Amino acid sequence: MKELLETMITPLIEYPEELNIDVKEEPDKAVYHVTVHQDDVGRVIGKNGRVAKSIRTVVYAANRDKTRKVYVDIM
């Protein structure tokens, strides 16, 4: 899942070396905290949050383990 997020986010940002994805796993959920450079936050969130919503939709659809929820937080 982390590789999927990197693949989707890297082309959107100007500072790919500052992309950081931390995973916090619990028995019932996995939370991915995405941190990017301050100038790239708007590109990852998008106008009215459309890009962020699209990223979350793809990650939710790719979740194979239906017993655990997956969350994506953009910091």
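Please refer to the structure placed before this passage.
The structure reproduced in this document is the subject of the present report. Keep in mind that this is a model prediction, so the values were computed, not measured.

What counts and what doesn't
- Residues numbered from 1 in each chain as written.
- Predicted model: local features only at pLDDT ≥ 70, side-chain atom pairs only at ≥ 80, totals over all residues.
- Heavy atoms only, no water.
- Helix = DSSP H or I, 4+ residues; strand = E, 2+ residues; numbered from the N terminus.
- Polar contact = N/O pair within 3.5 Å; in protein donor to acceptor, adjacent residues only side chain to side chain.
- Contact = heavy atoms within 4.5 Å.
- Pairing = 2+ DSSP bridges.
- Core = buried A, V, L, I, M, F, W, Y, C linked by side-chain atoms within 4.5 Å.
- Buried < 20%, exposed > 50% of the residue type's maximum accessible area, 1.4 Å probe, protein only.

## With respect to the side chain of His37
Take His37: it is sitting in the loop between β2 (29-35) and α2 (41-45). Of the polar contacts made by the side chain of His37, one reaches the backbone nitrogen of Asp39; its length is 3.0 Å. In this structure, His37 is in contact with Tyr15 and Glu18, ignoring residues within four places of it in sequence.

## A word on the pairing of β2
Pairing analysis gives 6 bridges linking strand β1 (residues 20-25) to β2, with the strands arranged antiparallel. Each residue of the ladder has a partner; that of Asn20, found in β2, is Thr35.

## Looking at the nonpolar core
By size, the foremost hydrophobic cluster in this structure holds 16 residues, and its most contacted members are Leu5, Ile9, Leu19, Val34, Val36 and Val44. Contributing elements (two or more residues each) for this core: α1 (2-9), β2, α3 (50-62) and β3 (69-74). Beyond its immediate chain neighbours, meaning those up to four positions away, Leu5 contacts Ile21, Tyr32, Val34, Ile55, Val59 and Val72.

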